[in-house]
Amino acid sequence: MEKERLYRRTAASSLVISLLMWVPNLVFQTASPLWLLTFIIAPIGAAFALLAKNYWLIAANIIMFFSFFILMSGGYWIQSLIDGQP
């Protein structure tokens, strides 16, 4: 039971860290390569969430793993709506 709590906390911490890696790029509009750490941290968080059997944390960490592609496609979609070109 104690290990499961530790796994859950580690998975939640990795999710929060993955979210914080995007703050300089999205909020402050500065080019920061910190978002690349989501490719390392998010799978670790997903593995710990799997060990804790917490499916919401698994899904959230996997979404953070693919966040670059999600944000990039969203940006292209918004740009095509505004300018009519990708």
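S.K.: Describe the pattern of salt bridges, and please don't skip the residues or the numbers.
M.R.: Counted under the stated rule, the structure contains two salt bridges. For Glu2, the salt bridge goes to Arg5, with nearest N and O atoms at 3.7 Å. Highlighted residues: Glu2 and Arg5, both in helix 1 (residues 2-21), separated by three residues, approximately one helical turn. For Arg5, a relative accessible area of 39% puts it in the partly exposed group. The salt bridge involving Arg8 is made with Glu4; its shortest N-O contact spans 3.1 Å. Here Glu4 and Arg8 lie together in helix 1, a separation of four residues that amounts to about one turn.

S.K.: Describe in detail the side chain of Ser32, supporting the description with residues and values.
M.R.: The topology assignment puts Ser32 in the loop between helix 2 (23-26) and helix 3 (38-52). With near-sequence residues (within four places) excluded, Ser32 lies in contact with Pro24 and Asn25.

S.K.: Explain the packing of helix 1 against helix 4 (residues 55-65) to me, and be specific about the residues and the numbers.
M.R.: Where helix 1 contacts helix 4, the axes come no closer than 10 Å and their chain directions differ by 30°. With respect to helix 4, the element helix 1 is oriented roughly parallel. The two elements helix 1 and helix 4 meet at a crossing, and its hand is left-handed. Between helix 1 and helix 4, the residues in contact are Arg8, Ala11, Ala12, Ser14, Leu15, Ser18 and Leu19 and Leu57, Ala60, Asn61 and Met64, respectively.

S.K.: Which residues make up helix 5 (residues 67-83), and what values go with them?
M.R.: With 17 residues, helix 5 ought to run about 24 Å at 1.5 Å a step, and its terminal C-alpha atoms sit 24 Å apart, in line with that. Just downstream of helix 5, Gly84 is the residue with a positive phi angle, here 85°.

S.K.: Can you lay out the packing of aromatic side chains for me, pointing to particular residues and giving the numbers?
M.R.: One pass over the full model with this rule turns up eight aromatic pairs. For the pair Tyr7 and Phe48, a centre-to-centre distance of 5.7 Å together with 40° between the ring planes defines the contact as tilted. Here the residue Tyr7 occupies a position in helix 1, and Phe48 occupies one in helix 3, the gap between them amounting to 41 residues. Given a relative accessible area of 27%, Phe48 falls into the partly exposed group. Ring geometry for Phe39 versus Phe65: centroids 5.6 Å apart, planes at 80°, classification edge-to-face. On the criterion of sequence distance, the pair formed by Phe39 in helix 3 and Phe65 in helix 4 is long-range, its members being 26 residues apart. Phe65 sits in the partly exposed class, given a relative accessible area of 26%. Following the ring pairs from residue to residue traces out a cluster consisting of Trp22, Trp35, Phe39, Phe65, Phe66, Phe68 and Phe69.

Thresholds applied
Residues take numbers from 1 onward in each chain, read along the sequence in its written order. In view of the model being predicted, local features appear only for residues whose pLDDT reaches at least 70, and side-chain atom pairs are presented and counted only at 80 or more, with totals across whole chains, interfaces and linings using the full set of residues. The side-chain values count all of the structure's non-hydrogen atoms but skip hydrogen atoms and water molecules. By definition, a salt bridge exists where a carboxyl oxygen of Asp or Glu is found within 4 Å of a side-chain nitrogen of Lys or Arg. Helix and strand labels come from DSSP, where a helix needs a run of H or I of at least four residues and a strand needs a run of E of at least two; each type is numbered from the N terminus. Per-residue accessibility, obtained with a 1.4 Å probe over protein chains only, is compared with the maximum for each type, and a residue is labelled buried under 20%, exposed over 50%, and partly exposed between these values. Any two residues whose heavy atoms approach within 4.5 Å are treated as being in contact. Only the stretch in contact is used when a helix axis is fitted, and all axes are lines through C-alpha atoms; the angle between N-to-C directions ranges over 0 to 180 degrees. Relative orientations are named as follows: roughly parallel for angles under 35 degrees, roughly antiparallel for angles over 145 degrees, roughly perpendicular for angles from 65 to 115 degrees, and oblique for any other angle. Crossing handedness follows the turn of the near helix against the far one: under a right angle anticlockwise gives a left-handed crossing, and clockwise gives a right-handed one. A helix's residues, less one, multiplied by 1.5 Å, set its expected span. For Phe, Tyr and Trp, rings pair up if their centres lie within 6.5 Å, where Trp contributes its six-membered ring, and each pair is then called stacked (planes under 30 degrees apart), edge-to-face (over 60) or tilted (otherwise).

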